[in-house]
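# Working through the structure, step by step
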Amino acid sequence: MVGIPRSFVRIYAALWVLRILFALYSTGYIHPDEHMQNAEITAADILGYYAFRSWEWDPIFPLRAVIPVYMTTGLPFLVAQKLYSLSDQILPPTTLFRLERLSFLCLSSLLDISVALLVPPPMRSFGLLLLSSSYVTHAFYIRPFSNSLESVIAALCLVFLNNIVELGPSDSHDTEKSGRVALHWNLHALCILGAFGTSMRPTFFSFALPISFQVLRYSYRAAGSIGRTGTLLALPLCSGILTVLCFTVADALYYRGTPFHPVFPCFNFLSYNSSSDNLAEHGLHPRWLHLLVNLPMLLSPPVWFLTISNIYHSFKDSRRGPVGRTRALDVTRETISQIIVLSLAVLSAVPHQEPRFLCPIVLPAVVLVAISSRWPGKAFWVTWIVFNFVFAAVFGVMHQGGVVPSLLYLNTRMTTNVSMSTHIVYWKTYMPPRRFLGIPQQDVQSGKVTIVDLAGASESTLVNTLLSARSETVYVVTPIAMVKSLPGHVASCFTSQKRIFPHLDLDHIQESFEVGWRDGLALGVYTVEQSCIASGA
């Protein structure tokens, strides 16, 4: 720790403690994809829990590759299941929640390592502080989004490229030999990661293309001719092809049950997202949204401005400096600028635009700002802290923050009353990730447990759903503001069982304001007396 200020060590350690707390205890719910694209699938496949399998996992036209999902949450679930089975116990949903978060928490540490390797002193501490204090780290990277894993892979690709650039010519034979071995290892790693990222999310190609260009450039410089460059890259390219084959076989076995009937989710992904009719079901946005709204929302306006400014200067300034550390920084700056511009262009061409799609840009932007800027002043840090505090609280804790705790609560209620049939209705909330109920699939198939997601359905639909329930106990989970908006003869049939705070419902802001902050920021779990509703109807 020599040469590192103690104040930085304390702040950085405190931010890591905060990241761990967010990972293990924050129940904010950003988007259904954080559940439906990963752990909802592995919990059903490995643990036998009832879960919701979204349309992206349809065996006829799948859009998701299975290897990343099983690597990130499937493996931890499998190990935990084996450990719990030694004492004849079932893996509880609370442990399930923390296991998947711990997996991505560990992956997020690779982002810190990447910044430390890409940014030299004295600005390394600045880069690490930016990354570790960003709300994106605390709210996005510790969740099982495919964008989170994509961010880690993009960061590692930059690290391996940096290693290749720094492998300059050597005077001694031994050093030159070890340098060529290191070059081969870095090329293999880049090809494997590039194939992995593109097979997982085809949009990763926009992040990989500028890196690939630099790899070709420096491979040619190391080899000295086109023929030798081909020889140098042959085996690494075979590693990439082998990675793609592994994805292909795994997906064929998972979706079709045989390796001889291949399926290509990455091509299905491109086909689906090239149709405006398909994207219209998820929402169409203006082409400028990523650049002018989503990117500033992720980076903060000051860092967004510094990023754009540094990209401009990177393209404007001529490259200079000898091969070595200075040269590596120039290449890193140039490559990151190309990555940000190209990925923004590609992702903006698709009319459905969500902020999380830009998560892989955050680390490159942090590195670019750290290696191209001076240590900022007090005004920057005040703005940065306020911005990230607000967004971390909103997306990490408050937004739809009652949905997961309500499922964990219902699990304890159903565990207590094992023999009773249960009907659960979610109304005016995000899609409930069913695995947190912790019930076996046969309980749903037999009709012992029924769960209905009414999403934003009308009051009449809610009433009709409750009247048609044929279970001993009927639960409704909905924001308290929604219950207070119901007609009196219906609301009087609801009995509050659990109040969960905070729960920010951005889809019904007006109703939340009308009932006051205490009820407007809370989710309720209610039991419903069907005879009461029937008499009122």
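The preceding data block contains the structure.
The structure reproduced in this document is the subject of the present report. Per chain, the residues get numbers from 1 upward, laid out in the order the sequence is written. Residue-level local features of this predicted model are given only where pLDDT is at least 70; pairs of side-chain atoms are given and counted only at 80 or more, and the full residue set underlies all totals for whole chains, interfaces and linings. The basis for the side-chain values is all heavy atoms of the structure; hydrogens and waters are excluded.

Moving on to the overall build of the protein. Numbering of helices and strands runs from the N terminus, with a helix taken as a DSSP run of H or I at least four residues long and a strand as a DSSP run of E at least two residues long. For the protein, the count of helices and strands is 26 helices and five strands. The globule rule is 2.2 Å times the number of residues to the power 0.38, and the radius of gyration it is compared with is taken over C-alpha atoms. Here the C-alpha atoms of the protein give a radius of gyration of 26 Å, agreeing with the 24 Å that 2.2 N^0.38 yields for 537 residues. Considering only C-alpha atoms, the protein reaches an extent of 90 × 60 × 50 Å along its principal axes. Considering the protein as a whole, with its 537 residues, one finds that 54% of them fall into the buried category. Should any heavy atoms of two residues lie within 4.5 Å, those residues are considered in contact. Taking as baseline every contact in the protein between residues at least 6 positions apart, the subset at least 24 positions apart corresponds to 81%. All accessible areas in this document rest on Shrake-Rupley with a 1.4 Å probe, and a residue is counted as covered only by the protein chains that are shown. If you sum the accessible surface of the protein, you get close to 23700 Å²; carbon and sulfur atoms cover 65% of it. Here the positive residues are Lys and Arg and the negative ones are Asp and Glu; neither His nor the chain ends is included. Think of each charge as sitting on NZ of Lys, CZ of Arg, CG of Asp or CD of Glu. Counting 37 positive and 31 negative side-chain charges, the protein places the averaged centre of each group 9 Å from the other. Only protein chains enter the accessibility calculation, which uses a 1.4 Å probe; a residue whose area is less than 20% of its type maximum is buried, one above 50% is exposed, and one in between is partly exposed.

Further remarks concern the state of the cysteines. Note on terminology: disulfide describes a covalent bond linking the sulfur atoms of two cysteines. Only a pair of cysteine sulfur atoms within 2.5 Å counts as a disulfide in this structure description. Scanning the entire structure with this criterion turns up one disulfide. In this model Cys 493 forms its disulfide with Cys 532; the gap between the sulfur atoms is 2.0 Å. Disulfide Cys 493 to Cys 532: torsion about the S-S bond roughly -70°, handedness left-handed. Note that Cys 493 is positioned in the loop between helix H23 (488-491) and strand E4 (494-500) and Cys 532 in helix H26 (residues 530-536), a separation of 39 residues in sequence. Free cysteine Cys 191: the closest other cysteine sulfur is in Cys 238, separated by 9.3 Å.

Within strand E3 (residues 473-479), seven of the seven residues are buried, which leaves it mostly tucked inside the rest of the structure. When strand E1 (residues 422-427) meets E3, the two strands line up parallel, connected through five bridges. Following the sheet pairing, Tyr 426 is matched in E3 by Val 477. With five bridges connecting them, E3 and strand E5 (residues 523-528) associate as antiparallel partners. For two strands to count as paired, DSSP must find a minimum of two bridges between them.

Taken together, the five strands give an open sheet; going across it, the order is E2-E1-E3-E5-E4, and neighbouring strands pair in mixed fashion. Only two strands of the sheet have a single partner each, and these edge strands are strand E2 (449-455) and E4. Taking the axes of each pair of neighbouring strands and ignoring which way they run, one obtains an average angle of 20° across the sheet. Of the strand pairs in this sheet, E4 and E5 are connected by six bridges, and their pairing is antiparallel. From the neighbouring strand, Ser 496 faces E5, where its bridge partner is Tyr 526. For every element, the axis is a line fit to its C-alpha atoms; helices are fit only across the contacting stretch, and the angle between N-to-C directions ranges from 0 to 180 degrees. Helix-sheet contacts for helix H19 (residues 403-416) involve E1, E2, E3, E4 and E5, and the interaxial angle to E1 is about 170°. Contacts from helix H21 (residues 459-468) reach E1, E2, E3, E4 and E5, with the element oriented near 175° to E1.

What counts as a ring pair is set by centres within 6.5 Å for rings of Phe, Tyr and Trp (its six-membered ring), and what kind of pair is set by the plane angle: stacked under 30 degrees, edge-to-face over 60, tilted for all other angles. Using the criterion set out here, one finds 27 aromatic pairs in the structure. Ring centres 6.4 Å apart and planes at 75° place the aromatic pair Trp 57 and Tyr 254 in the edge-to-face group. In this pair, Trp 57 is assigned in the loop between helix H3 (39-47) and helix H4 (67-85) and Tyr 254 in helix H11 (residues 226-256), connecting sequence segments 197 residues apart. Ring plane angle 70° and centroid distance 5.8 Å describe the contact between Phe 494 and Tyr 526, whose orientation is recorded as edge-to-face. In this pair, Phe 494 sits in strand E4 while Tyr 526 sits in strand E5, placing the two residues 32 residues apart along the sequence. Neither residue differs from the other here; Phe 494 and Tyr 526 are each classed as buried. Among the aromatic side chains, those forming a connected cluster through ring pairs are Tyr 135, Phe 140, Phe 145, Phe 387, Phe 391 and Phe 395. Look at NZ for Lys and CZ for Arg. If either is within 6 Å of the ring centre and within 35 degrees of the ring normal, a charge sits over the ring. Its end group placed over the ring of Trp 16, Arg 19 keeps NZ or CZ at 4.0 Å from the ring centre.

Another aspect to go through is the packing of H4 against H11. Two quantities define a packed helix pair, namely the angle between the axes and the distance from one axis to the other. Where H4 contacts H11, the axes come no closer than 9 Å and their chain directions differ by 85°. When the axes of H4 and H11 are compared, the pair comes out roughly perpendicular. Contacts between H4 and H11 involve Ile 67, Pro 68 and Tyr 70 from the first element and Cys 246, Phe 247, Ala 250 and Tyr 254 from the second. Put simply, Ala, Val, Leu, Ile, Met, Phe, Trp, Tyr, Cys and Pro go in the nonpolar bin, Asp, Glu, Lys and Arg in the charged bin, and everything else, Gly too, in the polar bin. When the residues that make up the contact of H4 with H11 are grouped by side-chain class, the tally is seven nonpolar, no polar and no charged. These descriptions rest on fixed angle ranges, namely under 35 degrees for roughly parallel, over 145 for roughly antiparallel, 65 to 115 for roughly perpendicular, and the rest for oblique.

For the rest of this paragraph, the subject is the pattern of salt bridges. In a structure, side chains of opposite charge can pair up when their charged atoms sit close to one another. The term salt bridge refers to a side-chain nitrogen of Lys or Arg lying within 4 Å of a carboxyl oxygen of Asp or Glu. By the definition in use, this model includes 13 salt bridges. Residue Arg 435 pairs with Glu 100 through a salt bridge whose shortest N-O separation is 2.7 Å. Of this pair, Arg 435 sits in the loop between E1 and helix H20 (441-445) while Glu 100 is found in helix H5 (residues 93-118), placing the two residues 335 residues apart along the sequence. Considered together, Arg 435 and Glu 100 belong to a single accessibility category, that of buried residues. Note that Glu 354 is salt-bridged to Arg 356, the shortest N-O span being 2.8 Å. Per residue, the accessibility class of Glu 354 equals that of Arg 356, and both read buried. Among the ionic contacts, a cluster of salt bridges with common partners joins Asp 33, Glu 354 and Arg 356.

By themselves, these observations are geometric and do not establish any function.
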